[in-house]
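Structure at a glance
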Amino acid sequence: MVPCRYTRRTVGVIADAIAPISVGSTTNDRESIHPRRNSAQLIEEEVPSMLLTGKDLLAVANANNFAVPAFNVSDYAMLNGLFAISEERESPFIIAIHPDELSHIGVDILPAIIQKAHRSSVPVAIHLDHGATYEQVLTAIQSGFTSVMLDASLTPFDDNVAIVKKVADAAHAVGLSVEAELGTIGKLDEEAEEGGEIIYTVPADAVRFVELTGTDSLAIAIGTSHGLYPANLKPELKIDLLKEIKALLPIPLVLHGGSGNPDEEIAKAVANGINKINISSDIKASYHKKMREVLADLSMREPNTIQPPCIEAMKVTAAEKIDLFQAAGKARLY
Ligand SMILES: [Zn+2]
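Notes on the structure follow. For every chain, the first residue of the written sequence is number 1, and numbering continues from 1 along that sequence. pLDDT decides what is reported in this predicted model: residues at 70 or higher carry local features, side-chain atom pairs at 80 or more are listed and counted, and totals for whole chains, interfaces and linings draw on all residues regardless.

Things to note about the environment of N62
A run of H or I in DSSP counts as a helix once it spans at least four residues, and a run of E counts as a strand once it spans at least two, with each numbered from the N terminus. Following the sequence through the fold, N62 ends up in helix α1 (residues 54-64). C-alpha of N62 to C-alpha of N275: the two residues are 213 residues apart in sequence and 5.8 Å apart in space.

Describing the sheet that holds strand β4 (residues 93-97)
What makes two strands pair is DSSP finding at least two bridges between them. Around the barrel, which closes on itself, the eight strands sit in the order β3-β4-β5-β6-β7-β9-β11-β12 with parallel pairing between neighbours. Averaged over all neighbouring strand pairs, the angle between strand axes comes to 25°, with direction disregarded. Where strand β9 (residues 217-220) lies against strand β11 (residues 253-255), two bridges are found, and the strand directions are parallel. Paired with L218 across the two strands is L253, which belongs to β11. All axes are obtained by fitting lines to C-alpha atoms, using only the stretch in contact for helices, and the reported angles, taken between N-to-C directions, cover 0 to 180 degrees.

Some thoughts on the pairing of strand β6 (residues 147-150)
Residues are called buried when their C-beta atom has 20 or more other C-beta atoms within 10 Å, exposed when it has 12 or fewer, and partly exposed otherwise; all C-beta atoms are positioned from the backbone. Side chains S147 and M149 project from β6 onto one buried face, and the interleaved V148 and L150 project onto a second face that is buried too. Sheet topology places strand β5 (residues 124-131) next to β6; three bridges connect them, and they run parallel. Looking at β6, one finds that G131 is bridged to L150. Viewed with both strands pointing away, a crossover whose connecting path from the first strand over the helix to the second turns clockwise is right-handed. With helix α5 (residues 134-143) bridging β5 and the parallel β6, this β-α-β connection has right-handed handedness. The pairing of β6 with strand β7 (residues 177-182) spans four bridges and is classified as parallel.

Written as structure tokens, this is what we have:
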């Protein structure tokens, strides 16, 4: 078990102290419906919380050669589905929230996510994805995120170093961890995050960058792009480049833009030192593809009838990623 900063309290009820429900009673007596919990003896136990920092979460992945899925989410029903599938597959996971997603869902969601993470049966980190400014990172830290990314990969090397070091110093001061990015990941469609053209990460620069900034993990550019690949474009990962970087820099390495890459390439990336893979477009595409089918029935109106089949479709895709990343069952390692 990796030491963590949080503990949670669970309240259990000693079963013998609960009066049996009187099945088949025709009275209106409340006790015929509800067990007499007022007579139950409450017990409390301290159990470790599963809300971890990104650093603690990824250290286990690095030591055991798997990748933790980081699912981008800005919708509460989808969030519930991601907890459910990760618990079913016994997979650690990262709740990744991009600043645009955070402005959509609002920071008030954080207390609910934190509560869910405390009670989760699998390790979880709450991660700011692609923070762009120092202020965004501080807001995330104050809101209860346990991991932050500062992405200044589109700026010159020295500027990237300066802002990441500033963020790393702040995050480390309060026991949290940082992800940065070196090299640039491409952008495939208008719905995708900013990325520009792919500029591959230079191994020697990556080593120097980590030394200068103290970042805990590093997103590298080895041939992925944000968004979904059009039919005429073939993704290709440079596994040799990954091997070269990992040999020089044995910290957790991160792959962004993993949606749409062939499974064999992703599997090779995991086998060769990628410990976190961001999944955004794939789960959202599955969810909304199913929603379009469901909404073809014009009588559909209620979220609690429209969303469940969409959540199930999203869970199928999420489970495929968990398995591909060798993360299933790995919750037991924490
Ligand atoms: Zn990204």
